[in-house]
Amino acid sequence: MSRTAETSLPIGIAATAAVAGLLSHNLLFIRGEHHLSAPTYVRLGCLAFISFFLLRIKNGQELALLETITAVAAYFGMLFASMTLYRLTFHPLCSFPGPFMFRLSKLWHVFRVSPARKNYLILDQLHYQYGDFVRTGPSELTVFHPAVFEVIGGARTSCIKAPWYDMLYPMVAINSIRDKEGYAPRRRVWDTALNLKAFNKSFGMLDKHEWSGSVQLLRNGLGILGFMTPAPWLAHVAFTFAPKSRLLWQSLVNFAKSMMGDRLYKDIAKKDVSYWMIEAERQKGEELNLNNLYGDAFAVIIAGSHTVATTLIFSLHGLAKNKHMQDRIRAEIKSLVSWDDVEGLGELTFFNAFLNETMRLYPVVPTGGIRMTKTEGITIGDTFIPPETTIVAPRYSLSRLESCFERASEFIPERWTTKPEMIKDKRPYNPFNNGRHSCPGKNLGLMEVRLCLSILISRFDIAFAPGESGTDVFMDMTDSFTANPGALNIMFSERNMPDYDANRQKSTIESRSTSGSVYGGVMSA
Ligand code: HEM
C-alpha cells in the first residue's frame, strides 16, 4: 500500500463514520423511544465493530485495528457532538433552567444518584436552586408546582406513563400499561381482587424471627432500580449484559413467576388475588397470557407488600418519637367495640390524621410515578410543557412545599383536624396517586396499616430501643421507586390491658365468622 493510501484511508473511513454518527442521531435517536432496543443496539454495535475489523484484516490492511478504532471514535464523536449541540441549543426544553450536565445526559443523573441512591434529596436540592420547573434531563422536567398531579394524572389528562414503566418487558403488569388501551379490563380485575389475600401464602418471618429470602430478594432487586431509574435504557442494558444486575433482577422476576406459577399449576382452591387474575385470563377463552399474569404477580409483590411495610415503619417511628400521640390514638381505639373494628378505625380522627401526616412527610413513592406528554403538550400553572417531555413530580418535595403546608417539615397531625389553616393547598398531598392510575390497593393498604398499628398500640408501649436515635431510618433511606427505609430498632413493652384481652377474644371470634383474610394480606402479600 502506498504511503498516500495508508494516510488517506483512515480519513475517508473517519469521514464516513462521522456522517453515519450525524445521520443516526438526526434520523434515528432524535425520534421516538429507544429504551427497549438498547440491548439490541449494543449487540449491533459490537457486531459492526468486529465485522469491520475482520473485513479490514481480510483485505490485507495492516492498520485494521487503527482504522476500526478511528471509525468508532469518529462515529461516536459526531453522534455526541450532534446530541450536545441539539440538547443545548435547539431542544424545545432549552428555555427551562437546570444543571448543565443534567441537560446534556441522563447518565449524569445516574452518576449522581448511584453512590447514596437518594434521588429524592437530589431533586429537592435542585428545586431550591432552580425553582418550580427544572430541566433534569435532555427531555425531562422535574416539576414542583402544586398543580402538577392534577394535570399529569387527573381524569382528563393527556399524559401517558413514561418509558420507565417498560422495566418489566416482556411482562406486562397492570402498572406497566402505559396508554389507555387495555387498561380498564385489567383494572376491573384488580378492583375485584383487592378485597383478598395476595397469594394465600405466609413467608413465616414472624415465626422464624428472620427476613424471608424473598424479602431480601425484593430489597436487592429494587436497589438496582434505584439508581438506574433516571435512565431506563441503561437498566435494560444492565439487565441483559451486567452479570450482577442481571442475576438480581432475574431472581426477583423468577420469584414473581414462581408465586403465580404455584397458583396456576398447583390448583390451590382459595380465592385470593391471583385467583381472580387467573380466572379473568381464562375467561378470555384464549391461550393464557403468562406475561400478563407474571407481570401482575410482580406488581402485587412490590406494590402490595413493600408499600404497607414502609408505611408501618414510618408510622412506628412517629409513634416512638411522640408518646403522647400513642396515648391519644389508644384512647380513640378504646372507644371502638374492638381494636379490629375495620370501619371504626377508618373514622378515628386523630389516628387517621397521624397517618395522613406520616404519609405526607414520608411518601412511600418519593419520586416515582413518571409521566410523559404526548403530541399536544400540557400547561401546568402558566407554564407550557412541550410535547414528548418526561415529567417527574417528586412527592417528597411537593408534600413539603412551604407554600402549601405551614411549617411544612414539621410533624403536626393537627393540621388535618383542629388546625386546617395549616394546609394552604392540599393538592400536592397525593400518597396514593390520583386519576386513572390511582392506587387500587389504597383501601386494603390503609386497612392493613390501621389494623396492624391498632393491635400494636393497644397492646404495647412503643419506644425507640436503647441506643436507637431514630435517625438512621431516614439517613439511610434510599429511593428505589418505593422508599427503602434504613434500620429502626423499636422496643415493644407489653401493657397490662384487661380491656384489650377481652376485646381480642371477642373480635377473634367475630372475624373468624366474617372475614378471615385481613391479616393474611399483611404477612403474605
Ligand atoms: C400504604 C400502602 C400503599 C401506598 C402508600 C401506595 C401508593 C401507591 C402509589 C403512589 C401508586 C402510584 C404509582 C405510580 O404512579 O406508578 C400506587 C399504584 C399502585 N398500587 Fe399502591 N400503595 C399502597 C398499597 C397497595 C396495595 C396493598 C396494593 C395491592 C396489593 C397496591 C397496588 C397498586 C397497584 C397495582 C398500582 C398501579 C396502579 C396503576 O398504575 O394503574 N398498592 N400505589
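The rules we used
Residues numbered from 1 in each chain as written. Predicted model: local features only at pLDDT ≥ 70, side-chain atom pairs only at ≥ 80, totals over all residues. Heavy atoms only, no water. Near = heavy atom within 4 Å. Polar contact = N/O pair within 3.5 Å; in protein donor to acceptor, adjacent residues only side chain to side chain. Helix = DSSP H or I, 4+ residues; strand = E, 2+ residues; numbered from the N terminus. Pairing = 2+ DSSP bridges. UniProt positions renumbered as here; feature names shortened; annotations may be inferred. Contact = heavy atoms within 4.5 Å. Phe/Tyr/Trp six-rings, centres within 6.5 Å; stacked < 30°, edge-to-face > 60°. Buried < 20%, exposed > 50% of the residue type's maximum accessible area, 1.4 Å probe, protein only.

Draft legend 1. Highlighting the site of the ligand. Taken together, 26 residues surround the ligand, and among them Lys161, Tyr165, Tyr183, His437 and Cys439 come closest. Between Tyr183 and the ligand, the recorded distance is 2.3 Å, taken from a side-chain N or O atom to an oxygen atom. In the model, an oxygen atom of the ligand is placed 2.9 Å from a nitrogen or oxygen of the His437 side chain. Contributing elements (two or more residues each) for the shell around the ligand: helix H8 (183–193) and helix H14 (290–321).

Draft legend 2. Molecular detail of the sheet that holds strand E7 (residues 390–392). Taken in spatial order, the five strands make up an open sheet running E1-E2-E7-E4-E3, and their pairing is mixed. Each having just a single partner strand, strand E1 (133–137) and strand E3 (160–161) make up the two edges of the open sheet. As defined by bridge partners, E1 adjoins strand E2 (residues 140–143) across four bridges and the pair is classed as antiparallel. The residue bridging Gly137 from the neighbouring strand is Glu140, located in E2.

Draft legend 3. Here's a closer look at the UniProt feature "binding site: heme" (unreviewed entry) in the protein. Per the UniProt entry, the sites bearing "binding site: heme" (unreviewed entry) are Cys439 in this numbering. By the secondary structure assignment, Cys439 is in the loop between helix H18 (395–398) and helix H19 (442–459). Look past the residues within four positions of Cys439 in its chain and what remains in contact with it is Arg187, Phe432 and Asn433.

Draft legend 4. Geometry of the packing of aromatic side chains. Inspection of every chain in the model, using the stated rule, returns 17 aromatic pairs. With a centroid separation of 5.4 Å and 85° between ring planes, the pair formed by Phe29 and Tyr41 is classed as edge-to-face. Of this pair, Phe29 sits in helix H1 (residues 3–29) while Tyr41 sits in helix H2 (residues 38–58), and the two are twelve residues apart along the sequence. Overall, the relative accessible area of 25% leaves Phe29 in the partly exposed class. For Tyr41, a relative accessible area of 28% gives the class partly exposed.

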